[in-house]
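Observations on the three-dimensional arrangement
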Protein chains: 2
Amino acid sequence: MTSFLTLTPVPELLAHIASFAPLEAEDVPLEEGAGRTLAEDFRSPEELPGFDRSVVDGFAVRARDVFGAGEGMPALLSCLGEIPMGAVPTITVMPGTCVRIWTGGMLPQGADAVVMLEYVRQVADPDSADVELTRPVAPGDNVLAKDEDCGLGETLIPGGRLLRPQEVGLLAGLGQERVRVRRRPKVAVISTGDEVIPYGRRPLPGQVRDVNAVTLAALAREEGGEARFFGLVGDDEATLKRLVGEAFAWGDVVLVSGGSSAGRRDYTLNALAAVPGCSTLIHGVAVSPGKPLIFARSGEKSCWGMPGHVASALVCAHVFLRPLLRRLLGRDDGNRIEHVVSARMTRPVPSVLGRRDYIRVALGRPLEPGDAPTAIPVLGKSGAISTLVKADGLVVCLETDEGIPAGTLVEVEPLR
Amino acid sequence: MTSFLTLTPVPELLAHIASFAPLEAEDVPLEEGAGRTLAEDFRSPEELPGFDRSVVDGFAVRARDVFGAGEGMPALLSCLGEIPMGAVPTITVMPGTCVRIWTGGMLPQGADAVVMLEYVRQVADPDSADVELTRPVAPGDNVLAKDEDCGLGETLIPGGRLLRPQEVGLLAGLGQERVRVRRRPKVAVISTGDEVIPYGRRPLPGQVRDVNAVTLAALAREEGGEARFFGLVGDDEATLKRLVGEAFAWGDVVLVSGGSSAGRRDYTLNALAAVPGCSTLIHGVAVSPGKPLIFARSGEKSCWGMPGHVASALVCAHVFLRPLLRRLLGRDDGNRIEHVVSARMTRPVPSVLGRRDYIRVALGRPLEPGDAPTAIPVLGKSGAISTLVKADGLVVCLETDEGIPAGTLVEVEPLR
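Residues numbered from 1 in each chain as written. Chains lettered and ligands numbered in written order. Predicted model: local features only at pLDDT ≥ 70, side-chain atom pairs only at ≥ 80, totals over all residues.

Brief notes about the packing of helix 3 (residues 212-222) of chain A against helix 2 (residues 165-173) of chain B
Angle between the axes and distance between the axes: these two values describe a pair of packed helices. The following threshold applies: Helix axes are fitted only over the stretch in contact, all axes being lines through C-alpha atoms; the angle between N-to-C directions runs from 0 to 180 degrees. Counting from the N terminus, the helices are DSSP H or I runs at least four residues long and the strands are E runs at least two residues long. Our angle categories are set so that under 35 degrees counts as roughly parallel, over 145 as roughly antiparallel, 65 to 115 as roughly perpendicular, and the remainder as oblique. In a left-handed crossing the near helix is turned counterclockwise from the far helix by less than a right angle, and in a right-handed crossing that turn is clockwise. Each residue is represented by a C-beta atom placed from its backbone, and any two residues with such atoms within 7 Å are regarded as in contact.
Relative orientation of the contacting elements helix 3 of chain A and helix 2 of chain B amounts to 160°, with a least axis distance of 8 Å. If you check the angle between helix 3 of chain A and helix 2 of chain B, you find them roughly antiparallel. Here helix 3 of chain A runs over helix 2 of chain B; the crossing is right-handed. Between helix 3 of chain A and helix 2 of chain B, the residues in contact are A:V214, A:T215, A:A218, A:L219 and A:E222 and B:P165, B:Q166, B:V168, B:G169 and B:A172, respectively.

Description of the relation of the copies chain A and chain B
Definition in use: In this comparison the copies share one frame, found by least squares on the C-alpha atoms of residues holding pLDDT of at least 70 in both.
For the pair chain A and chain B, the best superposition has an RMSD of 0.1 Å and corresponds to a rotation of 180° with a translation of 0.0 Å parallel to the axis. The symmetry that links the two subunits is that of a two-fold axis. Both copies contact each other with a shared surface, as 100% of the interface residues of chain A are interface residues in chain B too.

Here's the deal with the nonpolar core
Rules: Among buried residues, those of type Ala, Val, Leu, Ile, Met, Phe, Trp, Tyr and Cys that are joined through C-beta atoms within 7 Å form a set called a nonpolar core. Whether a residue is buried, exposed or partly exposed follows from its count of other C-beta atoms within 10 Å of its own C-beta, namely 20 or more, 12 or fewer, or something in between, respectively; the C-beta atoms are built from the backbone.
Among the nonpolar cores identified, the biggest contains 130 residues, and A:F59, A:A60, A:V61, A:L133, B:V244 and B:L255 are the most heavily contacted of them. No other element matches the 13 residues that helix 6 (residues 310-328) of chain B contributes to this core. The residues touching B:L255, leaving out its near neighbours within four places in the chain, are B:V187, B:A188, B:V189, B:I190, B:L216, B:W304 and B:M306. Within the second largest apolar cluster, 129 residues are counted, among which are A:L13, A:L216, A:L243 and A:A286.

Digging into the interface of chain A and chain B
We apply this condition: In this classification, the charged set is Asp, Glu, Lys and Arg, the nonpolar set is Ala, Val, Leu, Ile, Met, Phe, Trp, Tyr, Cys and Pro, and all remaining amino acids, among them Gly, are polar.
At the junction of the two partners, chain A supplies 90 residues and chain B supplies 90 residues. Looking at side-chain class alone, the side of chain A that touches chain B contains 42 nonpolar, 26 polar and 22 charged residues.

Comments concerning the pairing of strand 28 (residues 409-414) of chain A
All names here are of chain A. Stated precisely, the cut-off is as follows: Pairing between strands requires that DSSP locate at least two bridges from one strand to the other.
Relative to strand 28, strand 22 (residues 341-345) is paired through four bridges, and the arrangement is antiparallel. Each residue of the ladder has a partner; that of S342, found in strand 28, is E411. Sheet analysis places strand 26 (residues 393-397) next to strand 28, joined by two bridges and oriented antiparallel. Within strand 28, the residue paired with L394 across the bridge is E413.

Everything listed is a geometric property; what it means functionally is a separate question.
Here it is as structure tokens:
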């Protein structure tokens, strides 16, 4: 008696995931752009700034006029007045003169640098317009030159980047009221199992509350997806087929979880197979936790039979659903390095050759000062949700390893 | 001529921030709980699971009946039937018998372990109810015992934790339809400066678009805050005072940015001082970028004069506003280690004793295989927003250092 004839290696499933195409693009208001993924390279439609700007409060000068100036030998210049903010200055700086300028002010004709306020003193005579400058500057000092921030046509943000507050700011600086991002992947969630009840209800003996629906939906939203719950169904193949059909019509990704027993797993298999054009490519993955995973595909849509165990379902979502959603978003973060923490395993963890294990660990204080933090394996069965609450991250044990010895320095991928 | 008489050291400002009290708590629907901060310790209101559950598909047995079983010497047991899902089993497992059970099924009376399906075979006679079990189990094997996941009254999630998908799942498993979280800090944003125009408008020569409002609002939202824009005001003290008053009436935090020139800075100082009960505690911080920062406080509310330079404003928001918002949320992530990346500086960066510098860096490939990634200082003036788009993170150069030599292994705090 066995539920799985062959287990598919993890890299094969990851290769399937990598073969999905990004979703279509959509325009959203800029202020809703943070956290979205830019669909196409953004090229600068103009120069930024559009003029030479002072980046300090001070005096606009001709750099040669303050050459060699110092505390003991200030340069004496005649101040012609003050630059108005937000307008083109009408004053021209001639040799021997300077103009008071504020941060953000437009550099006047003739000036090529700004001396900071701190290095300028009024001459003793209050009626005099003369000022003493006690620091030299080179041409361009304290000036943000026209197009120094962004040149015309320059690729400022490559397509695929997650828009952080600063990218949104740059787009505002260039007058973009809307931004072209990938639309959110739609993730449909279905729970199954005769013993599973809605989480707001009180279980009778033998019943359990539905944990997977809210957990998977939360994870999908965190990764930039739109999640919708299509319902909880008992061990009823016809109803499951109908729900999967509705979910598939709406979603890019359909997750059917719960009820991982072989009999019910068959319902899920049958329901996914009944979706027109959907082929079951994988049933059973050489992964722990998560072995009973089902992966079916129809074009750019996919249907997943997720493990019913709550911890398994979440680990599988972390390991497979997140990369799928990033792929659908066309995410490409360039050199931005994924958040991983190096830590030292406190105890050995056994594994099995040919299987990829994702070990839940909590992070703890280093064993010795200056050492990496410790990675403490969280013991507990994959049906226990509390193990994931105690876990700070996952450590991978590859197919080629029979386990991880105590004291090994491992990479911990945070469970966000 | 100088704008700041004394600069406050960064640790002093951080101490002010650490002295704010968390905001009040509020109940939200569980499905809106992900990403929020738990207000109080969550103790388990019941045991989870509420009964001994099988975590595999297989046969519920008395462990002593399969003692010593193996491929060559299977234990022969009489199968009494199947456990119904979601109900209390009526069958009792007596010596020499077993019961078929599915994942999630309730362990029947008499049984103390489950043998996995893979290690059970039907005897040849199709009329016989007997099965052969080829693996021994110990009591408790493949069973999630009543309260093994959560014990009654156990603190499952400490107050102050960010709720991840798995915490939401645990709360669902325990029937919580609402969760008590800190309310979102309200962040009011005001932009100032005669030269600044709304970002949707086309600037005339000398004008620039407002970058800070959307950037600061996006950062505040990313940190769990609620952001509201109160307007853009020119160099007009009366209007600024009115706007600050409105912003302060609504917000927990008021950010006035733009127009960092001394003249206008005075308007901001005056406007913040005009808020009833608000004291200006800091004007000028020994930090780069961000020196012209103003910090004023009234009880648990604070008003900030943010630097006008877009990169300075964002770095200050990252370095000061984020910890303030986390403080207002009562965030306490325990051992969950903040995301930092070790990297090797590619070039020396000078600094000044007594000042804390936040150096923008991009991450690059390691110089040698196996080495840490490189941290490449992003050159550019603090008025340039593109420097922050190119930056992956910040490297701190402390007050006690005169700079960071090339080749130093530094910690990079990601600019998310």
